[in-house]
Amino acid sequence: MPQTIFEPVYREIFPFWDRIPEKDREDICQHSHVVTYPKGTNIHDGNECSGVILVRSGCLRLYMMSEEGKDITLYRLQKGDMCMLSASCVLEAITFDVLIDAEEESECYVISGPVFAAVSERNPDIRIFALEAAVGRFSDVMWVMQQILFMSMDKRLAIFLSDEAARTGSDTITLTHGQIARYMGSAREVVSRMLKYFSNEKIVEVSRGGIRILDKKRLRKLIG
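This is a predicted model, so every value here is computed, not measured.

A. Representation of the packing of aromatic side chains in the model. Scanning the entire structure with this criterion turns up eleven aromatic pairs. Taking the centre distance of 6.1 Å and the plane angle of 25 degrees together, the rings of F14 and W17 count as stacked. We classify F14 as buried; its relative accessible area is 2%. When the ring of F14 is compared with that of F129, the centres are 5.5 Å apart and the planes differ by 85 degrees; the resulting orientation is edge-to-face.

Have a look at this one:
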């Protein structure tokens, strides 16, 4: 049964699939599970090898937490995205802790980390794929750091609202000020103050239902 469920998907997403022995393909499928995470569930706390996660539906948030309890969102994973940073036993060079929460109810395929690591030891193609997948995400992490360190708050908020509208396909952002602050690595008060400024400038409309973008042209101008 696992072979029937997982192999068609893995054949499509893993470029190495047809180059590894059938026994290794069977091991990966036999140690894969379909897991549905309720909204708000912590999937990975950074301390264990949770495995390779493939998102089939929903949304996962990857973030880092400071000793003071402040978190910074690194990026989010949507349908079809894969997470290698949750498999520390595969990528031993990754020494920082990444936490993962389910932002929405999310169905995922999870491959056992130890099994994936063992198979990758026998197949260099898998190790290369895992490293490339992880490195590819570091551009997202560096973009977040660049915004936090070097960009003004109005520009950062304009980028966030534009990206969120593009992601959801809607001009209304149904997130609280606190959620936006968490995604941006800022304080809720700062986000609320900047949204009030945007509202006074008629760039957005703020209500209980969310934040509606009124003037995309001015929002793009803030982005520069």
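B. Molecular detail of the pattern of salt bridges. Scanning all chains against the criterion turns up 19 salt bridges. Between R25 and E7 there is a salt bridge, with the nearest N and O atoms lying 3.7 Å from each other. Remark: E7 occurs in helix α1 (residues 2-13) and R25 occurs in helix α2 (residues 22-30); sequence separation between them is 18 residues. Assessed through its relative accessible area of 14%, R25 is described here as buried. Between R11 and D18 there is a salt bridge, with the nearest N and O atoms lying 2.2 Å from each other. Take R11: its relative accessible area is 39%, and that puts it in the partly exposed class. What you see here is one network of salt bridges that share partners, running through E7, R11, D18 and R25.

C. Examining the pairing of strand β11 (residues 210-213) more closely. Here strand β9 (residues 172-173) runs beside β11; their pairing, made up of two bridges, is antiparallel. Across the sheet, the residue bridging to I173 is I211, located in β11. Two successive antiparallel strands, strand β10 (residues 204-207) and β11, enclose a turn made up of two residues.

D. The arrangement of helix α3 (residues 113-122) in detail. Taken together, the buried positions of α3 are G113, V115, F116, A117, V119 and S120. In this structure, the buried side of α3 is in contact with α2, β3 (52-57), β8 (106-111) and α4 (124-150).

E. Unusual backbone geometry, seen in detail. In the Ramachandran plot, K202 falls in the positive-phi region, its phi being about 60 degrees despite a non-glycine side chain. Mapped onto the fold, K202 is located in the loop between α7 (188-200) and β10. Classification of K202 as exposed rests on a relative accessible area of 58%.

F. Broad picture of the side chain of E103. Note on placement: E103 falls in the loop between β7 (99-102) and β8. Non-local contacts of E103, meaning those with residues more than four positions away in its chain, are made with K39, C59, L60, R61, R76, R182 and Y183.

G. How the structure looks around the packing of helix α5 (residues 153-168) against helix α6 (residues 177-184). Look at α5 against α6: their axes get within 11 Å of each other, and the N-to-C directions meet at 105 degrees. One element, α5, and the other, α6, form an angle in the roughly perpendicular class. Taking contact as the criterion, the partners of M153, R156, L157 and F160 in α5 are, on α6, I180, Y183 and M184. Taken together, the residues of the contact of α5 with α6 sort by class into six nonpolar, no polar and one charged.

Rules behind the numbers
- Residues numbered from 1 in each chain as written.
- Predicted model: local features only at pLDDT ≥ 70, side-chain atom pairs only at ≥ 80, totals over all residues.
- Heavy atoms only, no water.
- Phe/Tyr/Trp six-rings, centres within 6.5 Å; stacked < 30°, edge-to-face > 60°.
- Buried < 20%, exposed > 50% of the residue type's maximum accessible area, 1.4 Å probe, protein only.
- Salt bridge = Lys/Arg side-chain N within 4 Å of Asp/Glu carboxyl O.
- Helix = DSSP H or I, 4+ residues; strand = E, 2+ residues; numbered from the N terminus.
- Pairing = 2+ DSSP bridges.
- Contact = heavy atoms within 4.5 Å.
- Axes fitted to C-alpha atoms, helices over the stretch in contact; angles between N-to-C directions.
- Parallel < 35°, antiparallel > 145°, perpendicular 65-115°, else oblique.
- Nonpolar A, V, L, I, M, F, W, Y, C, P; charged D, E, K, R; others polar.

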